Amino acid sequence: MTNGEKLKEEERSSGEVRLRMPYKGEVLGIVIALVGGSRMKVACKDGKERICRIPGKLKNKIWVKDGDVVIVKPWEIEGDTKGDIVWRYYPLQVNLLKEKGYI
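**Observations concerning the overall build of the protein chain**
Here's step 1: In terms of regular secondary structure, the protein chain is built from two helices and five strands.
Here's step 2: Walking the protein chain from its N terminus toward its C terminus, one meets helices and strands in the order α-β-β-β-β-β-α.
Here's step 3: Counting all 103 residues of the protein chain, 31% fall into the buried class.
Here's step 4: In the protein chain, 51% of the contacts between residues at least 6 apart in sequence involve partners at least 24 apart.
Here's step 5: When the accessible area of the protein chain is evaluated, it comes to approximately 7300 Å², of which 53% is carbon and sulfur surface.

**As for the side chain of Q93**
Here's step 1: Note that Q93 resides in helix α2 (residues 91-100).
Here's step 2: Taking the relative accessible area as the measure of exposure, Q93 reaches 15% and is therefore buried.
Here's step 3: Those residues in contact with Q93, other than ones at most four positions away along the chain, are L19, W87 and R88.

**Focus: the pattern of salt bridges**
Here's step 1: Throughout the structure, instances matching the rule amount to seven salt bridges.
Here's step 2: Notably, a salt bridge pairs D68 with K65, separated by 3.6 Å at the nearest N-O pair.

**Some remarks on a nonpolar patch on the surface**
Here's step 1: On the surface, a cluster of nonpolar side chains totalling about 250 Å² of accessible area is made up of I30, Y102 and I103.
Here's step 2: Within the secondary structure layout, Y102 lies in the segment after α2.

**Some words on the confidence of the model for the protein chain**
Here's step 1: Per-residue confidence for the protein chain gives a mean pLDDT of 83, with 83% of residues at or over 70.
Here's step 2: Taking the mean pLDDT of every element in the protein chain, the minimum, 46, falls on helix α1 (residues 3-14) and the maximum, 94, on strand β4 (residues 69-74).
Here's step 3: Within the model, pLDDT remains below 50 along residues 1-11, and this stretch shows three contacts once partners closer than five positions in the same chain are excluded.

**Concerning the sheet that holds strand β5 (residues 82-88)**
Here's step 1: Read around the closed barrel, five strands run β1-β2-β3-β5-β4, paired in mixed fashion. Between one strand axis and the next, the sheet turns by 55° as a mean value, whatever way the strands run.
Here's step 2: Pairing analysis gives five bridges linking β4 to β5, with the strands arranged antiparallel. Each residue of the ladder has a partner; that of V72, found in β5, is I85.

Conventions we followed
Residues numbered from 1 in each chain as written. Predicted model: local features only at pLDDT ≥ 70, side-chain atom pairs only at ≥ 80, totals over all residues. Heavy atoms only, no water. Helix = DSSP H or I, 4+ residues; strand = E, 2+ residues; numbered from the N terminus. Buried < 20%, exposed > 50% of the residue type's maximum accessible area, 1.4 Å probe, protein only. Contact = heavy atoms within 4.5 Å. Areas by Shrake-Rupley, 256 points an atom, 1.4 Å probe, with all protein chains shown as cover. Salt bridge = Lys/Arg side-chain N within 4 Å of Asp/Glu carboxyl O. Patch = residues over 30% accessible without salt bridge, like charges linked within 9 Å, V, L, I, M, F, W, Y side chains within 5 Å. pLDDT = per-residue confidence, 0-100. Pairing = 2+ DSSP bridges. Axes fitted to C-alpha atoms, helices over the stretch in contact; angles between N-to-C directions.

In structure tokens:
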């Protein structure tokens, strides 16, 4: 049994699941609409709507649709209106976020 398998087994036995939380400068958001050209309109938790894109290195790894909960990293320039999607939560993770009160 490898070290990673031991950690997963401990999480299952304790009932605790690790979640990726937003780092400093990142914000939670919900995808409202697909705009086209790999861009989405996201309603962020800070009260702003941003047009967000998926960066090139994640474009084929993350598939985002309407209603998904994501982590957005606002741009340094025009950060109130634009940003990058850096993480998408799975439905089970979304339920855990709701239980903990983050959404």
